[in-house]
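Close look at the chain arrangement
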Amino acid sequence: MSCLIVFSGLPGVGKSTIARALSKDIGATYLRIDSIETALKNSTLRIYPADDAGYLAAIAVAKDNLGHGLNVVADLVNPVQFTRDWWANAARDCDAQLLNIEVVCNDTQEHRRRVETRRADLPGHKLPSWQDVQCREYEPWTDACLVLDAGVLSVEENVARVQAEL
């Protein structure tokens, strides 16, 4: 059975670093919403903001891979319940296992430092400011999920926690 592993959390908490490391370790397809949304923005259609387009494109690609029996790691903010439901439905539609992971950085000073010192790694990708992150809509999780505090554990320790869950 394939597995859909969805990394969610505010910008700058460390989810991309953990998601990349996990996908490499387990040989999973890695889907990064920032890459998709930046490509939409840079396309001839100039889709910006991407609204739901990036998520829907990523879910379609995830379902293609899950349908072929491949594991998928999705890396996104996933701020509201209805987008979380989209990913759960994708897993269900493909008879795949779903593992929701919320990455946090409970050390506010460290989280702010990460946000303020990050450099964009995608041409045309605009990173949010600390103020943007603080004002971002982000609903508390009501469904069960694995919570990783990237301000406490190392990348390797967080990857090991995820692998133990799998």
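Okay, so let's go over this structure.

Parameters and conventions
- Residue positions are counted from 1 within each chain, in the order its sequence is given.
- pLDDT decides what is reported in this predicted model: residues at 70 or higher carry local features, side-chain atom pairs at 80 or more are listed and counted, and totals for whole chains, interfaces and linings draw on all residues regardless.
- Side-chain figures throughout are based on the complete set of non-hydrogen atoms in the structure, without hydrogens or water.
- By nonpolar core we mean a set of buried residues, namely Ala, Val, Leu, Ile, Met, Phe, Trp, Tyr and Cys, connected to one another through side-chain atoms within 4.5 Å.
- Whether a residue is buried, partly exposed or exposed follows from its accessible area with a 1.4 Å probe, protein chains only, as a fraction of its type maximum: under 20%, in between, or over 50%, in that order.
- Each helix corresponds to a stretch of at least 4 residues labelled H or I by DSSP, and each strand to a stretch of at least 2 residues labelled E; elements are numbered beginning at the N terminus.
- Contacts are assigned to residue pairs that have any heavy atoms within 4.5 Å of one another.
- Put simply, a disulfide is two cysteine sulfurs that come within 2.5 Å.
- Here a salt bridge means any side-chain nitrogen of Lys or Arg lying within 4 Å of a carboxyl oxygen belonging to Asp or Glu.

A look at the nonpolar core
Most often, soluble globular proteins keep nonpolar side chains buried together rather than apart. Judged by nonpolar contacts, the single largest core of 21 residues is most densely connected at Leu4, Val6, Tyr55, Leu66, Val72, Leu76 and Trp87. Residue assignment for this core shows that the elements contributing at least two residues are strand E1 (3–8), helix H2 (33–42), helix H3 (53–67), strand E3 (72–75) and helix H4 (81–93). Tallying contributions element by element places H3 first for this core, with five residues. When neighbours within four sequence positions are excluded, Val72 is seen to be in contact with Cys3, Leu4, Ile5, Ala28, Thr29, Leu31, Ala62, Asn65 and Leu66. Counting residues in each nonpolar core, the second largest holds 18 residues, with Phe7, Ala19, Leu99 and Ala150 among its members.

A few points about the state of the cysteines
Within the structure shown, the criterion is met by zero disulfides. Residue Cys135 stays outside any disulfide, its sulfur separated by 18 Å from that of Cys105, the closest cysteine. The exposed category is assigned to Cys135, whose relative accessible area is 57%.

Focus: the pattern of salt bridges
Using the criterion set out here, one finds eight salt bridges in the structure. When the shortest N-O distance is used, the salt bridge between Arg32 and Asp34 registers 3.8 Å. Taking relative accessible area as the criterion, Asp34 reaches 26% and is therefore assigned partly exposed. Ionic pairing is found between Glu110 and Arg113, a salt bridge with its closest N-O pair at 2.7 Å. Of this pair, Glu110 and Arg113 both sit in helix H5 (residues 108–117), separated by three residues, roughly a single helical turn. With a relative accessible area of 42%, Arg113 lands in the partly exposed category. Connected via shared salt-bridge partners are Arg20, Arg32, Asp34 and Asp121.

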